[in-house]
Amino acid sequence: MTLTETGLERQRRIALDIQRRLVEHIRTGGTDLEAGPVQNAAERYSSWEWYRLEQDRVFTQLPLLVGMSRDLPDPGCKLLFDAAGPPIVIVRQQDGSLKAFLNMCTHRAARLVNECTPARRMTCGFHGWTFDLDGKLVGQPGGKRGFAGLDKAEFALIEVPVEEWHGLVFVIARPGTRADIDVAAYLGTFAPELAQMGFERATPVIQTRLDVAANWKYAYDTYGEGYHFATLHPTTIARTAHNDMVVHDRFGLHARINFPYRDQDVCVGQSEDQWVRRPYGGVHLLFPNTVIYVSSIGPGQVFSIYRVFPNGGPDNAFSLMAAYRSGEVPDDVDMQPWRDFHDFIMNVVATEDYSISASGQRNLRYAPPGFKLTYGANEGVLQHFHRNLARQLGYND
Ligand code: FES
Ligand SMILES: [Fe+2]
C-alpha cells in the first residue's frame, strides 16, 4: 500500500487480491480452511436462557445497523426501528445531524411516531403532546390546567445513542447519549473496508421482511458459508458459484467472504493481465446480525443489507432485507434490475435457506441432551462468529 493510495485504488487492489485467491482455489479445488471442526451446543439455538442473554448483552448493547443516510435525506425525515426490542425513532435534525429517541411519548408512554413522512413536529396520537425534532416538548393541550407545576424540560423525549458513519446509520437500542456509541471503534479494522464504499450516496430501492421459524443464528449462519450451494441451491446459486470454495478475511468481530463465480474459471491458465478484472464486492458480515452484500449487476452496483433479529423467543426470527442502488448510477436509470436482483435473493433465501433453517430448528428443539452442531474447518466464518458471540455473552470457548 502506498501513502497516496486513493479509496478507489485501494478497492481495486483488494478486489485483485481476492480475485487471485479465488482463481487459485478454482485451480486447485481448494478453499480457506481452519485448523479443524468446532462444535456448539444445541441449547444455544433453542434455550430461553441463551435468548435472554443475547437480548441483554447483544441486541441492546452493541451498535446495530438501522439503515443508510439516504433513508432519511432531509430535516424532519424519520426512520423507525423496532426490531431489537425498544421502539426507536431516528430523526434528521434541522442542521442535518441525526438524533434518536425511544418512540415513546413522555406523558403516558404511547407510541409517538408511526409514519416516516417528513414533518417539523411529532404529535402523540393519544392526548396530543407535541415534540420538536430534537425531542423537546413544545405543545401540551390543556397543559396549564392539567400539568401546572411540572417542568416541561423534564418531559423531553428519551434519547438513544445514534451515529451516522460514512453513510451507515447505527443505534444502540437502549437509552443513552451520543457519547455511548463509537462506530469506528466498534468496526475496528473493518472500518477501512466499509468507509470507501460510497454508502453516503446509496439510494434505497426496496425493503422486505422475511419471517422464519428458526433461531436468528440458524438463519444468519446460512450467509456465512458456501458449503451448501450444490445441495441446497442446485438450480439457483450453484449455477453461478462454485460449491465449498471461499476466501474469507477476518476483521476483529467482523468478517468478509467471497465466493468464486464460474465466470472466473477462464482465468485459470490465463496470465493476470488477461483477466477481466472484477469490481470490488463481497459478503460483509457485520457483527452481530448484519450482512452487507456488495455486488454488481448489469447497470451498476447494488448494496444489499440483510439483518436478522430474534422474534420474541429462541425459535423465531425475522429478517429485514433491503436493496440500495449505488450513488454512481444516474437517477434516470430504471430501478427494475435492482428490484429483480432483490427478488431473486429473497426467493432463494425464503424457499431454500430459511426453509432448511426452520426444519433444523424444529429438530434442535427435540434433539437429545448434549447434541452439538458442528462447523467444519471449511466453515471458518461460522466458527469465528460463534466464538465472538460466546465471548460477548461471557463464555470463553
Ligand atoms: S400518551 Fe402521549 S399525549 Fe398522552
Ligand atoms: Fe444459502
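Here the structure is a predicted model, which is why all the values come from computation and not from measurement. (Residues numbered from 1 in each chain as written. Chains lettered and ligands numbered in written order. Predicted model: local features only at pLDDT ≥ 70, side-chain atom pairs only at ≥ 80, totals over all residues. Heavy atoms only, no water.)

1. A few points about the domain arrangement of the protein chain
With domains assigned, the protein chain is organised as domain 1 (7-57 + 190-392) and domain 2 (64-180). With centres defined by C-alpha atoms, the gap from domain 1 to domain 2 works out at 33 Å. Listed per partner, the contact involves 23 residues of domain 1 and 16 residues of domain 2. With both sides pooled, the region where domain 1 packs onto domain 2 buries about 1,500 Å², and carbon together with sulfur makes up 67% of that total. Taken as a group, Phe199, Glu200 and Arg307 account for 28% of the area that domain 1 buries against domain 2, more than any other trio of residues on that side. Along the contact surface separating domain 1 from domain 2 lie 0 salt bridges. Linking domain 1 with domain 2 are 5 residue pairs in polar contact (both at pLDDT 80 or more), by the criterion used here. Breaking the side of domain 1 that touches domain 2 down by element, the ones donating at least two residues are α6 (191-195), β12 (203-212), β16 (290-297), β17 (300-310) and β18 (317-325). When residues of the side of domain 1 that touches domain 2 are assigned to their parent elements, the largest contribution, 5 residues, is made by β17. (Domains from an automatic or database assignment. Contact = heavy atoms within 4.5 Å. Buried area = accessible area lost by both parts, 1.4 Å probe. Salt bridge = Lys/Arg side-chain N within 4 Å of Asp/Glu carboxyl O. Polar contact = N/O pair within 3.5 Å; in protein donor to acceptor, adjacent residues only side chain to side chain. Helix = DSSP H or I, 4+ residues; strand = E, 2+ residues; numbered from the N terminus.)

2. With respect to the coordination of the iron ion (ligand 2)
Each pair of donors in an ideal four-coordinate tetrahedral metal site encloses 109.5 degrees, whereas pairs in an ideal six-coordinate octahedral site enclose 90 or 180 degrees. Only His228 (NE2), His233 (NE2) and Asp353 (OD) from the protein reach the iron ion (ligand 2) as donors, at distances of 2.0 to 2.1 Å. One chain supplies every donor to the iron ion (ligand 2), and in sequence these donors are spaced H-x4-H-x119-D. One end of the pair, histidine 228, is in the loop between α7 (216-221) and α8 (229-232); the other, aspartate 353, is in helix α10 (residues 336-366), and 125 residues separate them in sequence. On the accessibility criterion, histidine 228 (10% relative accessible area) is buried. The buried category is assigned to aspartate 353, whose relative accessible area is 5%. (Donors = N, O, S within 2.8 Å, 3.2 Å for Na, K, Ca; no water. Buried < 20%, exposed > 50% of the residue type's maximum accessible area, 1.4 Å probe, protein only.)

3. Notes on the pattern of salt bridges
All told, the structure shown has 20 salt bridges when counted by the stated rule. Between arginine 13 and glutamate 5 there is a salt bridge; the shortest N-O distance is 2.7 Å. The closest approach of N and O atoms between arginine 201 and glutamate 328, which form a salt bridge, is 2.6 Å. With arginine 201 in the loop between α6 and β12 and glutamate 328 in the loop between β18 and α10, this residue pair connects regions lying 127 residues apart in the sequence. Taking the relative accessible area as the measure of exposure, arginine 201 reaches 40% and is therefore partly exposed. Overlapping salt bridges bring together Arg10, Asp17, Arg21, Asp32, Glu193, Asp249 and Arg256 as one network.

4. Things to note about the side chain of histidine 254
Examined against the element boundaries, histidine 254 turns out to sit in strand β14 (residues 254-258). Contact partners of histidine 254, with chain neighbours within four places excluded, come to Tyr186, Leu187, Phe190, Asp249, Leu285, Leu286, Phe287 and His384.

5. Overview of the side chain of lysine 78
On the secondary structure map, lysine 78 appears in strand β3 (residues 78-81). In this structure lysine 78 is buried but unpaired, with glutamate 115 as the nearest side chain of opposite charge at 8.8 Å. In terms of polar contacts, lysine 78 uses its side chain to reach the backbone carbonyl oxygen of glycine 76, at 2.8 Å. Within the local environment of lysine 78, its side chain forms a polar contact with the backbone oxygen of threonine 117, the two atoms lying 3.5 Å apart. Among all residues touching lysine 78, those that are not within four sequence positions of it are Asp71, Leu72, Val89, Ile90, Val91, Val113, Glu115, Cys116, Thr117, Pro118, Ala119 and Met122. (Lys, Arg positive; Asp, Glu negative; His and termini not counted.)

6. So, the pairing of strand β15 (residues 282-286)
Taking burial as the measure, the 5 residues of β15 include 5 buried ones, the bulk of the element. Where burial is concerned, the two faces of β15 agree: the one with Gly282, His284 and Leu286 and the one with Val283 and Leu285 are both buried. As paired elements, β14 and β15 share 3 bridges and run antiparallel to each other. Looking at the pairing, arginine 256 lines up with histidine 284 of β15. (Pairing = 2+ DSSP bridges.)

7. Details of the packing of aromatic side chains
Scanning the entire structure with this criterion turns up 20 aromatic pairs. Seen from their ring centres, tryptophan 48 and tyrosine 51 are 5.3 Å apart, and the 80 degrees between their planes marks the pair as edge-to-face. Of this pair, tryptophan 48 and tyrosine 51 both sit in helix α3 (residues 48-59), 3 residues apart, which is roughly one turn of that helix. Overall, tryptophan 48 belongs to the partly exposed group, its relative accessible area being 41%. Note on tryptophan 129 and phenylalanine 155: the rings are 5.7 Å apart at their centroids and 80 degrees apart in plane angle, and the pair reads as edge-to-face. Of the two residues, tryptophan 129 is situated in the loop between β6 (121-123) and β7 (130-132) and phenylalanine 155 in the loop between α4 (143-146) and β9 (159-160); the sequence distance between them amounts to 26 residues. Judged by its relative accessible area of 18%, phenylalanine 155 falls in the buried class. Directly above the aromatic system of phenylalanine 318 lies the positively charged group of arginine 209, at a separation of 4.0 Å from the ring centroid. Over the face of the ring belonging to tyrosine 45 we find lysine 217, whose NZ or CZ atom lies 5.1 Å from the ring centre. (Phe/Tyr/Trp six-rings, centres within 6.5 Å; stacked < 30°, edge-to-face > 60°. Lys NZ or Arg CZ within 6 Å of the ring centre and 35° of its normal.)

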